[in-house]
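A look at the structure
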Amino acid sequence: MRKILIVMSAAAIWERNDGSHYPTGYWAEELAAPHERFVQAGFTVDFASPGGILQPLDAHSADPEIAGPDCAHYVEHAARALREFGPLLKLDEIDINDYVAVVIPGGHGPVVDLYQDRDLGRLLTEADAAGKIIGAVCHGPAGLLSAVDENGNWLFAGRELTAFTDEEEQSFGTAEGAPWLLAGTLRQKGAKHSGGPAYQPYNVQDRNLFTGQNPASSAPMAEAMIGALK
């Protein structure tokens, strides 16, 4: 059976510029919607994180006023999938040759740890060199920033992609005081970032790289990846 790796952040706290702590965790829809579709398509899905640490749920993703009327389904599915999988795999022990694709969901955690995680950078570099499918949604594209070579060159410079926009960050209320903003940083690093209407599905494919702008883009990203893996 072909396997897909979902790489989660291990961060539960996002430290702000003023030193305050913003609770974070995985965003249910961004984890559950791809997982659900991958399993339905016949793939086996593994979960990994730095140190094998299980990140908590971001409570915002369980609030229907924020995450929409289907959020309870995603919360339940994500919790069940993680519970049934058991202890997460440790990122530094992963062999990318075991997988046909790697996916990075969001929540704010990736801007805390994954953006500079060397093990993730190694996996992404190896995956891209082998032409494997790479997916990242919402704040997940922060993890792409980890793929830097010994000379500081970023693997995904010049690639077309999308991510949670700075405008969406502002409307969500988390832009002010953020150590850095994702979309603007991706552009500064050389990515060809584009975005669609706030909180509406928007997806970009550039060769083997599949990205989604926000939670609503999670399922379309997964479906596009499945199509490419057939």
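The residue numbering used here restarts from 1 in each chain and proceeds along that chain's sequence as written. Restriction of local features to residues with pLDDT of at least 70 applies here, the model being predicted, together with a cutoff of 80 or more for giving and counting side-chain atom pairs; totals for whole chains, interfaces and linings are based on all residues. The side-chain quantities take in all heavy atoms of the structure and omit both hydrogens and water.

**Some thoughts on the overall build of the chain**
Elements are defined by DSSP. Helices are runs of H or I of four residues or more, strands are runs of E of two residues or more, and each kind is numbered from the N terminus. A count of helical and extended segments in the chain gives seven helices and eleven strands. On C-alpha atoms alone, the chain measures out to a radius of gyration of 16 Å, which is about the 17 Å that the 2.2 N^0.38 rule sets for 230 residues. Dimensions of the chain, computed from the C-alpha atoms along their principal axes, are close to 45 × 45 × 35 Å. Here the contacts in the chain between residues at least 6 apart in sequence split such that 76% fall between residues at least 24 apart. In the chain, which carries 16 positive and 31 negative side-chain charges, the distance between the mean positions of the two groups comes to 7 Å. A radius of gyration in this sense is built from C-alpha atoms; the matching globule rule multiplies 2.2 Å by the number of residues raised to 0.38. The contact definition used throughout considers only heavy atoms, calling two residues in contact when any of these lie within 4.5 Å. Neither His nor the chain termini are counted; the positive set is Lys and Arg, and the negative set is Asp and Glu. Here the site of a charge means NZ on Lys, CZ on Arg, CG on Asp, or CD on Glu.

**Focus: the pattern of salt bridges**
For this document, the term salt bridge refers to a Lys or Arg side-chain nitrogen within 4 Å of an Asp or Glu carboxyl oxygen. A complete count under the given rule lists nine salt bridges for this structure. In this structure, arginine 80 engages glutamate 76 in a salt bridge whose closest nitrogen and oxygen atoms are separated by 2.5 Å. Placement of the pair is arginine 80 and glutamate 76 together in helix α3 (residues 71–85), with a separation of four residues, close to one helical turn. Here's how the labels work: a residue is buried when its accessible area is under 20% of the maximum for its type, exposed when over 50%, partly exposed in between, all with a 1.4 Å probe on protein chains only. Here arginine 80 falls in the partly exposed class, since its relative accessible area comes to 27%. The salt bridge partner of aspartate 206 is arginine 159, with a shortest N-O separation of 3.7 Å.

**Concerning the layout of surface pockets**
Space left empty within the atom packing is revealed by a probe, the size of a water molecule, rolled over the atoms. Put simply, the largest pocket is a space of about 260 Å³. The wall of the largest pocket is formed by 16 residues, among which Trp27, Ile66, Ala67, Tyr199 and Pro215 lie closest to the centre. Any residue outside Ala, Val, Leu, Ile, Met, Phe, Trp, Tyr, Cys, Pro, Asp, Glu, Lys and Arg is labelled polar, Gly included; the first ten of those are nonpolar and the last four are charged. Class assignment for the residues of the lining of the largest pocket results in nine nonpolar, five polar and two charged. Both site types are read off a 1 Å grid over the protein atoms alone. A 1.4 Å probe that fits but cannot get out defines a cavity, while an open set with protein on both sides within 12 Å along at least five of seven lines defines a pocket; lining residues have an atom within 4 Å of a point. Grid points are joined across faces, edges and corners, and a volume is the space filled by probe spheres set on the points.

**What to know about the sheet that holds strand β10 (residues 203–206)**
Strand pairing follows a simple DSSP-based rule, namely that at least 2 bridges must link the two strands. Judged by pairing direction, the sheet is mixed, and its seven strands sit side by side in the order β5-β4-β1-β6-β7-β11-β10 without closing on themselves. The open sheet is flanked by β5 (89–90) and β10, the only strands paired with a single partner. Across four bridges, β10 lies against strand β11 (residues 209–212) in antiparallel orientation. Residue asparagine 203 lies in a different strand from β11, and its bridge partner there is glycine 212. Fitting a line to C-alpha atoms yields each axis, with helices limited to the stretch in contact; the angle taken between N-to-C directions then spans 0 to 180 degrees. Relative to the sheet, helix α1 (residues 28–40) contacts β1 (3–7), β4 (44–49), β6 (101–104) and β7 (133–137), its axis offset from that of β4 by approximately 150°. Relative to β4, α3 is tilted by about 85°, and along the sheet it contacts β4 and β5.

**Regarding the packing of α1 against helix α7 (residues 218–229)**
At a minimum axis distance of 8 Å, the contact between α1 and α7 shows a crossing angle of 30°. It follows from the interaxial angle that α1 and α7 lie roughly parallel. Of the two elements, α1 crosses α7, and the hand of that crossing is right-handed. Residues Glu29, Glu30, Ala33, Pro34, Arg37 and Phe38 of α1 touch α7, and the partners they reach there are Ser218, Ala219, Ala222, Glu223, Met225 and Ile226. Split by residue class, the contact of α1 with α7 holds seven nonpolar, one polar and four charged. Our angle categories are set so that under 35 degrees counts as roughly parallel, over 145 as roughly antiparallel, 65 to 115 as roughly perpendicular, and the remainder as oblique. By definition, turning the near helix anticlockwise from the far helix through less than a right angle yields a left-handed crossing, and turning it clockwise yields a right-handed one.

**Some points on the packing of α1 against α3**
The contact between α1 and α3 brings their axes to 8 Å, and the two run at 70°. With respect to their mutual orientation, α1 and α3 come out roughly perpendicular. The element α1 and its partner α3 pack so that their crossing is left-handed. On the side of α1, the interface is formed by Ala28, Glu29, Leu31, Ala32, Ala33, His35 and Glu36, while α3 contributes His73, Tyr74, Val75, His77, Ala78, Ala81 and Leu82. Looking at the contact of α1 with α3, its residues break down into nine nonpolar, three polar and two charged.

**Points about the nonpolar core**
Val102, Leu124, Ile134, Leu144, Trp154, Phe156 and Leu186 are the most contacted members of the largest nonpolar core, which totals 33 residues. Those elements that place two or more of their residues in this core are β1, β6, α4 (118–129), β7 and α6 (182–188). Broken down by element, the residue count for this core peaks at four residues, all from α4. Ignoring anything within four residues of it in the chain, the contact list for leucine 124 reads Val102, Ile104, Ile134, Gly143, Leu144, Ser146, Ala147, Leu155 and Phe156. Throughout this description, the term nonpolar core refers to a set of buried Ala, Val, Leu, Ile, Met, Phe, Trp, Tyr and Cys residues connected via side-chain atoms within 4.5 Å. Ranked by size, the runner-up nonpolar core spans 30 residues in total, among them Ala33, Val103, Phe164 and Ile226.

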